[in-house]
Amino acid sequence: MDANWLVVADEVRAAVADGRPVVALESTLIAHGLPWPANLETARESEAAIREQGAVPATIAVLGGVPTVGLTAAQLEEIATREGVWKASRRDLAAAVALKKHAATTVSATMALARAAGIRVFATGGIGGAHRESDFDISADLTELARTPVLVVCSGAKSILDLPRTLEILETYAVPVLGYQTEQFPTFYTAGAVGAVARVESPAEAAAVFAAHVRMGGGGGAVLAQPCPEAVAISAEEFNLALNEAEIDATAEGIAGPQLTPFLLSRLAELTQGKTLAANRTLIVNNATLAAQVAKELL
Ligand code: PSU
Ligand code: MN
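As recorded by an unreviewed UniProt entry, the protein carries the name Pseudouridine-5'-phosphate glycosidase and is attributed to Limnoglobus roseus. Taken verbatim from the UniProt record of the protein, the Function (unreviewed entry) comment is "Catalyzes the reversible cleavage of pseudouridine 5'-phosphate (PsiMP) to ribose 5-phosphate and uracil. Functions biologically in the cleavage direction, as part of a pseudouridine degradation pathway." According to the UniProt record, the Subunit (unreviewed entry) comment for the protein reads "Homotrimer."

So, about the overall build of the protein. Each helix and strand in the protein was counted, giving 12 helices and 13 strands. In terms of overall dimensions, the protein is globule-like: its C-alpha atoms have a radius of gyration of 17 Å, near the 19 Å expected for 299 residues. Referenced to the eigenvectors of the C-alpha coordinate spread, the extents of the protein come out at roughly 50 × 40 × 35 Å. Across the 299 residues that make up the protein, the buried fraction comes to 55%. The contacts of the protein with a sequence gap of at least 6 include a subset with a gap of at least 24, amounting to 74%. As displayed, the protein has an accessible area near 12500 Å², and 53% of this comes from carbon and sulfur atoms.

Turning our eyes to something else, we now look at the nonpolar core. One finds Val-69, Ile-119, Ile-127, Phe-185, Tyr-189 and Val-223 to be the most contacted residues of the largest nonpolar core, which totals 74 residues. Ranked by residues supplied to this core, first place goes to strand 3 (residues 56-63) with six residues. With residues up to four places along the chain from it excluded, the contact list for Val-69 reads Leu-6, Val-7, Val-8, Ala-9, Val-12, Ala-58, Thr-59, Ile-60, Leu-113, Ala-117 and Ile-119. Judged by nonpolar contacts, the second largest core, of 25 residues, contains Leu-178, Tyr-180, Ala-206 and Val-285.

The subject of this paragraph is the packing of aromatic side chains. For the structure on display, the rule yields two aromatic pairs. Ring geometry for Phe-188 versus Tyr-189: centroids 4.4 Å apart, planes at 40 degrees, classification tilted. Residue classification places Tyr-189 among the buried residues on the basis of a relative accessible area of 1%. Through a chain of ring-to-ring contacts, three or more aromatic side chains come together here, namely Phe-188, Tyr-189 and Phe-239.

The next subject is unusual backbone geometry. Working note: non-glycine residues mostly have negative phi, and peptide bonds are mostly trans. Here the bond from Trp-36 into Pro-37 is cis, since omega is 0 degrees, no more than 30 degrees from zero. Along the polypeptide, Pro-37 turns up in the loop between helix 2 (28-33) and helix 3 (38-52). Within the chain, Lys-100 stands out as a residue other than glycine whose phi angle is a positive 55 degrees. By the element assignment, Lys-100 lies in the loop between helix 5 (93-98) and strand 6 (103-105). By relative accessible area, which is 61% here, Lys-100 ends up exposed. Positive phi, close to 50 degrees, is recorded for Gln-273, a residue that is not glycine.

With that settled, consider the packing of helix 3 against helix 4 (residues 73-81). Relative placement of two packed helices is described by the angle separating their axes and the distance separating the axes. Following both chains from N to C, one finds helix 3 and helix 4 inclined at 145 degrees, their axes separated by 9 Å at the closest point. Here the hand of the crossing between helix 3 and helix 4 comes out right-handed. Within the contact between the two elements, helix 3 uses Asn-39, Leu-40, Ala-43, Arg-44 and Glu-47 and helix 4 uses Leu-76, Glu-77 and Ala-80. Grouping the constituent residues of the contact of helix 3 with helix 4 by class yields four nonpolar, one polar and three charged.

This part is about the environment of Met-216. Position of Met-216 among the secondary structure elements: in the loop between helix 9 (203-215) and strand 13 (222-225). A relative accessible area of 69% places Met-216 in the exposed class. Measuring from C-alpha to C-alpha, the distance between Met-216 and Arg-199 comes to 20 Å, with 17 residues separating the pair along the chain.

Rules and cut-offs
- Residues numbered from 1 in each chain as written.
- Chains lettered and ligands numbered in written order.
- Predicted model: local features only at pLDDT ≥ 70, side-chain atom pairs only at ≥ 80, totals over all residues.
- Heavy atoms only, no water.
- UniProt positions renumbered as here; feature names shortened; annotations may be inferred.
- Helix = DSSP H or I, 4+ residues; strand = E, 2+ residues; numbered from the N terminus.
- Rg over C-alpha atoms; globule rule 2.2 N^0.38 Å.
- Buried < 20%, exposed > 50% of the residue type's maximum accessible area, 1.4 Å probe, protein only.
- Contact = heavy atoms within 4.5 Å.
- Areas by Shrake-Rupley, 256 points an atom, 1.4 Å probe, with all protein chains shown as cover.
- Core = buried A, V, L, I, M, F, W, Y, C linked by side-chain atoms within 4.5 Å.
- Phe/Tyr/Trp six-rings, centres within 6.5 Å; stacked < 30°, edge-to-face > 60°.
- Axes fitted to C-alpha atoms, helices over the stretch in contact; angles between N-to-C directions.
- Left-handed = near helix turned anticlockwise from the far one by under 90°.
- Nonpolar A, V, L, I, M, F, W, Y, C, P; charged D, E, K, R; others polar.

Right, dumping it as structure tokens:
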């Protein structure tokens, strides 16, 4: 049974109780990662992709202080349109609840709430990680992966990050990182890959690795990383030029902390004439489909 401090949609609760496949979705990418109306469209497309596979979607957010697992259509629209929605990592959840805020949940907060509702698979675009040129701005997503047993299906960590360093931190935390039909860590919406990860060929193999990790007392979660579809991926040259410019703008405007990721994502979309936005949307929905396929195999 789920905890008494969170609201779980009836459909989600029933599916979890019956052991049917459920996929959690985060809300920070809706409220802060993508512009209107692409944000709402992508959120709806992700839910539809999960249903198409025969699984139940559960988008997660905090509404008026209530952690909510499985938003209604109206609640989804509210998170996509409302001004002043907080961005809550796990550290911010208690404040959002006690101060009765509307908060979109990042990967770390979504994992924690998914776990509380009994959901084991979660789809997003890219996890947070170690920012470039900062020793201390390391996303809470990494520590959450170290301690919460949820499989996060993504396209690696966001290209704006120091990806080799992010991968090293995941190793330190003993978080299994799986490449979906690849032996390298995908670089989000940029073409290319870094490092070396364990390759899995199918949703069944991914599910088997995650199940083994949990069974052996791994304690934490795991990452299943699927490359961005080639047709929409941005070349490394074009991306790096745009990122250098976006970083200069961030420094000039004094943007840091939780605002940095949303600022860079939106500036990059402008600088690439929408190419990063198109790629981000495509990979998010693609990951939702894969997550549903893995959730079916985990039963
Ligand atoms: N994936 C996307 N867009 C996003 C994010 C992920 O395609 O906006 C969000 C996730 O919620 C992730 C957060 O947890 O960015 C990381 O933020 P930070 O770097 O401040 O930890
Ligand atoms: Mn940060």
